[in-house]
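This is what each chain is made of:
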Amino acid sequence: MNDYFNFEQIHLDVLKEIGNIGAGNAATSLSHLINRSVSMDVPVVNVVTFDEMMMEIGGKDEVQATVFVQANGDISGNMFFMIPPDEADLFAQLMIGDPSEKVSEGDEIATSAFLELGNILTGSYLRAFSDFTQLDINQSVPHAAIDMVGAMLTQGLLEISTVSDQAIMIETILHDIEGFDQAIKGHFFLLPNPDAYATIFQALGVHSS
Amino acid sequence: MTQVSEAVKVGIADLNVAQHPQTIMTAGLGSCIGLVLYDETNKIAGLVHIMLPDSSMSRNQTFKEAKFADTGLLALLKLMESQGIRKSRLKAKMAGGAQMFNSTNSSEMMRIGYRNAEAVRALLKEHNIPVVSEDCGGNKGRTIEFMIDDSLLKIRTIHEGVTYI
């Protein structure tokens, strides 16, 4: 049923490298933005069912603050930056210097700071992706929401769902930000549309099976 | 003493049937539709978690029937009829069909929630199954649970709490 994603190890390795370079660039941007050191995990690339993907971030009704962007150009796809709402508050407060502003309570200035944060991070990620593959990739206007993981991530799975019951999840986690008392867990999910894979592999000189 | 009854959980692009005292639920509906068909007399309900409006959108020959409104409804009806439930007894409640991200980009996938809800309503009309109540649209995620005993659909959202329809 899912031979669409019947990749060999080398294909998964290439996608992992994209997750590595993309999130690495995003972590550097974040570090400059807040002037603190930021570390990240080795990316995870897995072929998973839609339900399994939601479980990666706590289940379908787990609440996360999210910035969503669409990628268009030589390839198309969707990208999410997700972080627990109280951690989004911390970032927004650092950026605007006002500890009373909260993304989690819908405060306008905090929400627009969080949207800008997500815009910068996803932009850095996609720019590194574009530089690495030499593909032209444009980023859409970003959108922010605080809601259930399942409800939000599904938006990025619609194109994929027309060809498969599974998705390739390119996931990278940011954590351990210098000077924060609590551990931070920011997730990047990159979900290229099904037709993007052949273009990506070709651009990198890896033959599709 | 609170009686704890089992909730049958339905995943994305999946379906199932439950009988009282069970309940049946699905979590994190965005643009997807949670469609409940129920038989009040026999205290049985089925739920299908639909992602897309029509199976003609599939680029594969084989796919999970529950993923699409047309094949999902037929598959649920077939499963319920195989358990002795008559279609003429069935009523429907539905929720979901949101647009989670307000996009100026009017690509059809961004407006899929609206199209999902329209497709399900049209199909139910074709099959003469009355829609007793629905909560569709907006820009919020919904987790739904159908209480078979009193035929109520419990809808939980993050920002607006719990409602029953």
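Residues numbered from 1 in each chain as written. Chains lettered and ligands numbered in written order. Predicted model: local features only at pLDDT ≥ 70, side-chain atom pairs only at ≥ 80, totals over all residues.

Colleague: In this structure, what is going on with the sheet that holds strand 6 (residues 91-96) of chain B? I would like to understand it.
Modeller: One key point about sheets: their strands pair by backbone hydrogen bonds, in either a parallel or an antiparallel sense. Residues and elements named next belong to chain B. As summarised here, the arrangement of the five strands in space is 2-5-4-6-7, forming an open sheet in which the pairing is mixed. Of all strands in the sheet, those with a lone pairing partner are strand 2 (15-19) and strand 7 (131-136), marking the two edges. Here the average twist between neighbouring strands, direction ignored, is 15°. Across five bridges, the pairing between strand 2 and strand 5 (residues 44-50) is antiparallel. Paired with Val-17 across the strands is Gly-46, a residue of strand 5. Across the sheet, helix 1 (residues 69-82) touches strand 2, strand 4 (33-39) and strand 5, and the angle it forms with strand 5 is around 160°. Each of strand 4, strand 5, strand 6 and strand 7 is contacted by helix 2 (residues 112-126), which is oriented at about 25° to strand 4, the strand it contacts most. (Pairing = 2+ DSSP bridges. Helix = DSSP H or I, 4+ residues; strand = E, 2+ residues; numbered from the N terminus. Axes fitted to C-alpha atoms, helices over the stretch in contact; angles between N-to-C directions. Contact = placed C-beta atoms within 7 Å.)

Colleague: Explain the sheet that holds strand 1 (residues 7-9) of chain B to me, please; I cannot follow it from the model alone.
Modeller: Residues and elements named next belong to chain B. The five strands lie next to each other as 1-3-8-9-10, forming an open sheet whose pairing is mixed. A strand with exactly one partner marks an edge of an open sheet, and here the two such strands are strand 1 and strand 10 (161-164). Taken pair by pair, the neighbouring strands of this sheet meet at an average axis angle of 25°, ignoring direction. Looking at chain direction, strand 8 (residues 142-147) and strand 9 (residues 152-157) are connected through five bridges and run antiparallel. The residue of strand 9 that forms the bridge with Met-147 is Leu-152.

Colleague: Looking at this structure, I do not really get the confidence of the model for chain A. What am I missing?
Modeller: Detail in the predicted coordinates should be disregarded across regions flagged by low pLDDT. Looking at chain A as a whole, its pLDDT mean stands at 87, while 96% of the residues score no less than 70. Per-element confidence in chain A ranges from a low mean pLDDT of 79 for strand 7 (residues 166-177) of chain A to a high of 95 for helix 5 (residues 149-153) of chain A. (pLDDT = per-residue confidence, 0-100.)

Colleague: Mind showing me how you'd approach the environment of Leu-153 of chain B here?
Modeller: All names here are of chain B. For Leu-153, the location among the structural elements is in strand 9. The spatial distance from the C-alpha of Leu-153 to the C-alpha of Ile-50 is 17 Å, given a sequence separation of 103 residues. Residues in contact with Leu-153, not counting those within four places in the same chain, are Val-36, Lys-93, Ala-95, Ile-144, Phe-146, Tyr-164 and Ile-165.

Colleague: Explain the interface of chain B and chain A to me, please; I cannot follow it from the model alone.
Modeller: Interfaces are often described in size by the accessible area the parts lose on coming together. On the side of chain A, 28 residues touch chain B, which itself brings 32 residues to the contact. In terms of residue count, the dominant contributor to the side of chain B that touches chain A is strand 3 (residues 23-29) of chain B (three residues). A breakdown of the residues in the side of chain B that touches chain A according to their chemical character gives 15 nonpolar, 13 polar and four charged. (Nonpolar A, V, L, I, M, F, W, Y, C, P; charged D, E, K, R; others polar.)

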